[in-house]
Amino acid sequence: MIKQCALDDFRSKLRGDILLPQDADYDATRRIFNAMIDRRPALIARCASAADVVACIGFKRAEALEISVRGGGHNVSGKAVCDGGLMIDLSRMKGCRVDPLRRRVRAEAGLTLADLDRDCQAFGLATPTGIVSPTGIAGLTLGGGIGWLGGKHGLSCDNLESVDIVTADGRLLVAAPTEHPDLFWAVRGGGANLGVVTSFEYRLHEVGPVVGGGIAWPLARAKHVLPFYDEFARACPDELSLNAGFFTAEDGTKVVGVKVAWIGPLDVGERLLKPLRSLDSPVADGIAPMGFVDLQRGGDGAFPRGRRHYWKASFLRRLEQGAIDVLVEFTATCPSPYTQVGLQQMHGQAARVSPTETAFAHRHDQWDCLILTQWDDSADDERNIRWTRELHAALRPWVEDAVYVNNLGDDEADRVRSAYGANFDRLVAVKAKYDPDNFFRGNQNVAEHRI
Ligand SMILES: Cc1cc2nc3c(=O)[nH]c(=O)nc-3n(C[C@H](O)[C@H](O)[C@H](O)COP(=O)(O)OP(=O)(O)OC[C@H]3O[C@@H](n4cnc5c(N)ncnc54)[C@H](O)[C@@H]3O)c2cc1C
């Protein structure tokens, strides 16, 4: 029970507002992307500034509450919301200041990828993010950030110049190469464990227009298309990034598709993509020149808010025939037409950074192999979850003991070590320095799972 006077005092310290269960916006604000998550915080602080976040830390300490931190609320694990505690909601902190001359942007933690792209593209600029535009920049960047610009410009976290972060003792610190460099190392991949990041400063690059879009073949052609795709992707320059996927087309047939993004002169990209586009007889080919913002929105339609999600993922170094056979077999029996299995490419600059340069450890030319299971009805939970687990288990002979932290589910605490590999112990040490009591535990927690 929180006393009314404590609540009044807390409210008076905030520029933003507080929502209690009886308030009109409470339900809409506690709900996140994944409809499987139905948690009820005791209160939600809708922060307007870093000072509000500092006030939240003080309130949490005084009241001994659990806390959770919400950026875009897109993570499938649902760590952005807690039951019975304080939810620190940053989603209204949407300040964004682009400096076109210095090619830098200072972006507050409530921005989505769509918000950031829109503001930066007004100046013909962009920084690497992900491929579904309502995703929050905060969670995405703090875990790594794999997207269409990764081959040419690296991960989102590789493009950070600095962050403003409120730590467990309630201080607002700048983490940068020359200020708290250990913290700056750790937030680039392990960020959710260390504090509340209130803003990010990214480097920007000239981007657009691009060649983007997708091409698809009948599922039966996957055993022919994917070995070609694996070789083609391996040989492609940094400017080209590719994602393959298994999904159900609008007419209900199962297909294998490849999405592309060429970040360079349009005529060169069109020429380079010809061998892929002339492979077999595609059932659809929507590859074309487009604006960067349209490329970034290209994946949105397949991931509407409010569906139920259960995901499993691992990195895959090569697409061997055995793995392709498993993917084809399981796609044929997939219980939901909304589910996709993706092979998101990580290569070029993103793979070239040393594995120890940031907390994000998985620096290889590889595929992020994602089983993105989604459905509508809770009555279908059991069979969708079972199918996902069975596919993940069947892929085990071909995948690495390595996973991207942002793809971990709520039931995968035992895989947190695999998310950081050789960087795990160093990350735990930085966590112990800046958050010795594990104050920030509503995340894929490295302190609880160090055994
Ligand atoms: C449809 C979809 C597509 C995706 N595509 C990609 C992709 O292309 N590339 C990619 O790399 N990832 C992708 N992801 C994964 C994505 O990176 C994660 O879900 C990410 O955590 C989302 O960030 P968020 O701010 O929306 O998340 P939230 O759910 O708000 O937060 C995720 C975690 O970060 C913590 N956190 C959030 N904000 C802060 C903050 N400011 N300070 C400290 N901790 C914070 C939260 O407490 C939580 O533990 C995708 C996810 C979805 C659902």
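Residues numbered from 1 in each chain as written. Predicted model: local features only at pLDDT ≥ 70, side-chain atom pairs only at ≥ 80, totals over all residues. Heavy atoms only, no water.

A. Summary view of the sheet that holds strand S9 (residues 172–175). Pairing is antiparallel across the open sheet formed by five strands, whose spatial order is S5-S6-S10-S8-S9. The open sheet has two free edges, formed respectively by strand S5 (96–99) and S9, since each of these has just one partner strand. For this sheet, the mean inter-axis angle between neighbouring strands, taken without regard to orientation, is 10 degrees. Pairing of S5 with strand S6 (residues 104–108) involves four bridges; the strand directions are antiparallel. In the sheet register, Arg97 faces S6, and the bridge partner there is Arg106. Across the face of the sheet, helix H4 (residues 113–121) comes into contact with S5, S6 and strand S10 (196–203) while running at roughly 35 degrees to S5. (Pairing = 2+ DSSP bridges. Helix = DSSP H or I, 4+ residues; strand = E, 2+ residues; numbered from the N terminus. Axes fitted to C-alpha atoms, helices over the stretch in contact; angles between N-to-C directions. Contact = heavy atoms within 4.5 Å.)

B. Broad picture of the site of the ligand. Around the ligand sit 34 residues, and of these Val69, Gly73, Ile146, Val197 and Tyr404 come closest. Side-chain polar atom of Tyr404 to an oxygen atom of the ligand: 2.6 Å apart, as the coordinates give it. Protein contact buries 96% of the 940 Å² of open area that the ligand shows by itself. Contributions of two or more residues to the shell around the ligand are made by strand S3 (67–70), helix H5 (137–143) and S10. Per-class residue counts for the shell around the ligand are 17 nonpolar, 15 polar and two charged. (Near = heavy atom within 4 Å. Polar contact = N/O pair within 3.5 Å; in protein donor to acceptor, adjacent residues only side chain to side chain. Areas by Shrake-Rupley, 256 points an atom, 1.4 Å probe, with all protein chains shown as cover. Nonpolar A, V, L, I, M, F, W, Y, C, P; charged D, E, K, R; others polar.)

C. Region of the structure containing the packing of aromatic side chains. The final tally for this structure, using the stated rule, is seven aromatic pairs. Aromatic pair Phe228 and Phe232: ring centres 5.7 Å apart, planes at 20 degrees, arrangement stacked. With Phe228 and Phe232 both in helix H8 (residues 222–235) and four residues apart, the pair spans about one turn of that helix. Judged by its relative accessible area of 28%, Phe228 is partly exposed. What makes Phe232 buried here is its relative accessible area of 14%. The cationic tip of Arg307 hangs over the ring face of Tyr338; the distance from NZ or CZ to the ring centre is 3.5 Å. (Phe/Tyr/Trp six-rings, centres within 6.5 Å; stacked < 30°, edge-to-face > 60°. Buried < 20%, exposed > 50% of the residue type's maximum accessible area, 1.4 Å probe, protein only. Lys NZ or Arg CZ within 6 Å of the ring centre and 35° of its normal.)

D. Focus on the pattern of salt bridges. Summed over the entire model, instances satisfying the criterion amount to 42 salt bridges. With its nearest N and O atoms 3.0 Å apart, the salt bridge here joins Asp410 to Lys79. Placement of the pair is Asp410 in the loop between helix H14 (381–394) and helix H15 (416–420) and Lys79 in the loop between S3 and strand S4 (86–89), with a sequence separation of 331 residues. Relative accessible area serves as the criterion here: at 40%, Asp410 is assigned to the partly exposed category. A salt bridge links Arg221 to Asp280, with the shortest nitrogen-to-oxygen separation between them at 2.5 Å. (Salt bridge = Lys/Arg side-chain N within 4 Å of Asp/Glu carboxyl O.)

E. Region of the structure containing the sheet that holds strand S2 (residues 43–46). With mixed pairing, the four strands of this open sheet are ordered in space as S1-S2-S4-S3. Edge strands, defined here as strands with exactly one partner in the open sheet, are strand S1 (17–19) and S3. Pairs of neighbouring strands in the sheet enclose a mean axial angle of 20 degrees, with direction left out of account. The sheet contacts of helix H3 (residues 50–63) involve S2, S3 and S4, and relative to S4 the element is tilted by about 170 degrees.

F. Representation of the packing of H8 against helix H12 (residues 321–332). Packing of H8 against H12 brings their axes to within 10 Å, and their N-to-C directions diverge by 135 degrees. As summarised for this structure, H8 and H12 are arranged oblique, according to the angle between their axes. You can see that H8 and H12 cross each other, and the crossing is right-handed. Of the residues in H12, those touching H8 at Ala222, Lys223, Leu226 and Pro227 are Gln321, Ile324, Asp325 and Val328. Here the contact of H8 with H12 is composed, by residue class, of five nonpolar, one polar and two charged. (Parallel < 35°, antiparallel > 145°, perpendicular 65-115°, else oblique. Left-handed = near helix turned anticlockwise from the far one by under 90°.)

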